[in-house]
2 protein chains.
Amino acid sequence: MKRKITLKHIARELDVSISTVSKALKNSEEIGQDTKEKIQAFARLYNYRPNNIAISLKNKKTKNIGVIIPDIVHHFFTTVFRGIEQYANAKGYNVIVCVSDESFDKEVINMEMLANGSIDGFIMALAGETQLKNDYNHLKEVTEQGIPLVLFDRVTDEIHCDKVIINDEEAAYLAVKKLIASGRKKIALVTTEGYLNVSAKRTEGYYRALREHGLEVKPDLVLELPYQKEDDKKSEAFFKNRSMDAVLCVNEIFAVKSMGIVQRLGKRVPEDIAFVGFTDGILSRLSTPTLTSVDQHGELMGETAARMLIEKIENDHDQEEEESYETQIIRATLVERESTLGQV
Amino acid sequence: MKRKITLKHIARELDVSISTVSKALKNSEEIGQDTKEKIQAFARLYNYRPNNIAISLKNKKTKNIGVIIPDIVHHFFTTVFRGIEQYANAKGYNVIVCVSDESFDKEVINMEMLANGSIDGFIMALAGETQLKNDYNHLKEVTEQGIPLVLFDRVTDEIHCDKVIINDEEAAYLAVKKLIASGRKKIALVTTEGYLNVSAKRTEGYYRALREHGLEVKPDLVLELPYQKEDDKKSEAFFKNRSMDAVLCVNEIFAVKSMGIVQRLGKRVPEDIAFVGFTDGILSRLSTPTLTSVDQHGELMGETAARMLIEKIENDHDQEEEESYETQIIRATLVERESTLGQV
DNA sequence: GCCGCTTACGAAAACGGTTTCGTGTTAATA
DNA sequence: TATTAACACGAAACCGTTTTCGTAAGCGGC
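Residues numbered from 1 in each chain as written. Chains lettered and ligands numbered in written order. Predicted model: local features only at pLDDT ≥ 70, side-chain atom pairs only at ≥ 80, totals over all residues. Heavy atoms only, no water.

## Section: the protein's contact with DNA strand C
To keep things clear, this is the line we draw: For each residue, the test is whether any non-hydrogen atom lies within 4 Å of the molecule or strand; if one does, the residue is near. Between N or O atoms, a polar contact is any pair within 3.5 Å; within protein, one atom must be a potential hydrogen donor and the other a potential acceptor, and residues adjacent in sequence are included only when both atoms are from side chains. The helix and strand labels rest on DSSP assignments: H or I over at least four residues marks a helix, E over at least two residues marks a strand, and numbering proceeds from the N terminus. Note on residue classes: Ala, Val, Leu, Ile, Met, Phe, Trp, Tyr, Cys and Pro are nonpolar, Asp, Glu, Lys and Arg are charged, and everything else, Gly too, is polar.
Taken together, the neighbourhood of DNA strand C is formed by 28 residues, with T20, K23, E30, G32 and T35 of chain A sitting nearest. Among the atoms of DNA strand C close to the protein, meaning within 4 Å, 55% are from sugar or phosphate groups. Contacts to DNA strand C include K26 of chain B, whose side-chain N or O atom sits 2.9 Å from a phosphate oxygen. Where the surface near DNA strand C is concerned, the elements lending two or more residues are α2 (18–25) and α4 (52–59) of chain A together with α1 (7–14), α2 (18–25) and α4 (52–59) of chain B. At four residues, α2 of chain B tops the list of elements feeding residues into the surface near DNA strand C. Among the residues forming the surface near DNA strand C, the class breakdown is nine nonpolar, nine polar and 10 charged.

The structure is reproduced here in structure tokens:
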């Protein structure tokens, strides 16, 4: 087992000082040509690589960014992560991921762990529990220490920092508008229970579209489901006892499940009921019928977040209280497929 | 902006030495009770946290583990990652993820970046290109440096290290056996093109099951698809021109797509054709009909890999050439759903 | 032979901790 | 009162780099 070689080893072996080795390997003008060649050859021979940790300590830069997301087994977050990872990697950064699992405590613990020097900045989407508690002290502490932070998707107004979001309200509005334009009149909504503000935004868009087109807003056409638990009986009862000709769902899982349920109830999609989901993932592409879905452009979101973060990190030298934060809005787009085909 | 406080600051402020502060914060017996209390109070007041980087440098332990996977937007890898992350986090480790994107070069670059002190050990699944090239020098270098490595799922015999795999051959064998037992006789296989050895193993199991049950092995009932690109025409031609009563697919995407195709061709699933997939993910649960699938227990795999790695990391002190490596086999299980319902 | 300049390198501090060892002070003991 | 052990703390090395600054050697010019 050949252990990692250090500057000190090289220095001792070639009978020069550590500083000389360091400079020689950086091809410094200070060092004589022959000495440089000797040292470089030796370093190459023994495959010398500088120790990242030591460099981090010296520079006070880790070239790591911390990503904290509520869930990784979830298509949207996964694509965002991919965007982050790609951009970060291209810029020479590594990514440390922590999963909060929607838990406030885990979010706090993970942030504290990473904030003590492990990373140069954070990218995160808030845990559901955090949004529910409305407690953002852990974020405040981090930003007060001068650690750059970018929030995406699940954001809050309480914290001043860069943000990347999609136009949730408008996207839902446009989706419903499209349904109305194709002749649908009784449009239902399947959303999550309360606390997630992205769902709330989408719900607002749904209401606005109905109002602006003179359609009655019927609360009993709105189904609220628990966020990640299944509640098939509730859904079945909902679809069995109501009449509707279209459904907007705040994610693709709800949409595909709902389609399955109404199909089993003997209704045809899209002929009897049209469906639109959010999160244009693999489910949307492979369901039968294929699902019309709002593409949130997760990868672009991730890339944007990473770009904003790295920008902040690398400009930190002359920041000194300028404090200007930006909110980037990614425009969602509707991907039309079979589930909304045809005019009624 | 309040900067992070260090031992030096505390020492200067309280007019004691750095060593005293360090010891006091560890509640060392060496330090007098009142001094300790004073220092601890001060540290608490200013929210002192030791700098992870400095500690890493001193201990030569980073408490980070590096995970390199071919793809993150892929249900199986995502669940494995989740298992890793959970276990690692519980043990106080953070996880740095790099995505190789099936590229040999990216895999090499990522490993080299992380191997220079950033992590205490690796968990990885080989990139497709790496398996194709059959070049594992980057892995050899890492293990020769004494960095613990655990391979999962996509492994190689060329490297001696801990491994976690599933019984791919047997799982496919059992799945096909079950199809045969339910009366299916003309069983097709949808697999990936050549180089992925997990697909190869599954293919072997498929063949063995046919042979052992006296069924003819027909090469033209085997469809090879490119790994991640779509080739719908090829699939359609395959299913249109052949007669079969069951299909084994090496992943759930192939399975759900294939089901869609045969359904559009007017065949019923499972009445006319039964389907079994690999990777029991969200697609299997939500497709119509729901898909019988081989659950690879990704989370358990991840947890197992993380356990093995951390064990090696933390026992490194007395290792000195004992070099015993283990291969854990996770037993896959068949989750039966609608797509294989009924006896023919 | 002296001055000053360039060249080529080394010493040392610094990053932020941990840890070993040494030492001054006090109190107990002979 | 002299000896010694316990106590409480500080100095310094160390982890592996980078970087500033100092300086010895060599050389040209006078």
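After presenting the structure, the write-up continues.
## Focus: the relation of the copies chain A and chain B
Defined as follows: A least-squares fit on C-alpha atoms brings the copies together, and the residues used are those whose pLDDT is at least 70 in both copies. Residues count as neighbours in contact if any of their non-hydrogen atoms are within 4.5 Å of one another.
For the pair chain A and chain B, the superposition axis carries a translation of 0.0 Å, the fit reaches an RMSD of 0.1 Å, and the rotation angle comes to 180°. Put plainly, the chains are arranged around a two-fold axis. Closest approach to the rotation axis among the C-alpha atoms of chain A is made by I96 of chain A, whose C-alpha sits 2.1 Å away. The overlap is high: 100% of the interface residues of chain A also sit at the interface in chain B, so the same surface is used on both sides.

## Focus on empty space enclosed by the protein
Residue and element names in this part refer to chain B. Rules: The way it works is a 1 Å grid over only the protein atoms, where trapped points that fit a 1.4 Å probe form a cavity and open points with protein on both sides within 12 Å along at least five of seven lines form a pocket, and then any residue with an atom within 4 Å of a point lines it. Grid points are joined across faces, edges and corners, and a volume is the space filled by probe spheres set on the points.
According to the stated counting rule, one finds two cavities of 30 Å³ or more in the structure shown. Volume-wise, the largest cavity comes out at about 160 Å³. Along the walls of the largest cavity sit 15 residues, with H74, V198, R202, Y227 and V250 positioned nearest its centre. Of all elements in the fold, only α5 (75–90) and α10 (197–212) reach the threshold of two or more residues within the lining of the largest cavity. Counting residues per element, the lining of the largest cavity draws most heavily on α10, at three residues. Per-class residue counts for the lining of the largest cavity are six nonpolar, six polar and three charged.

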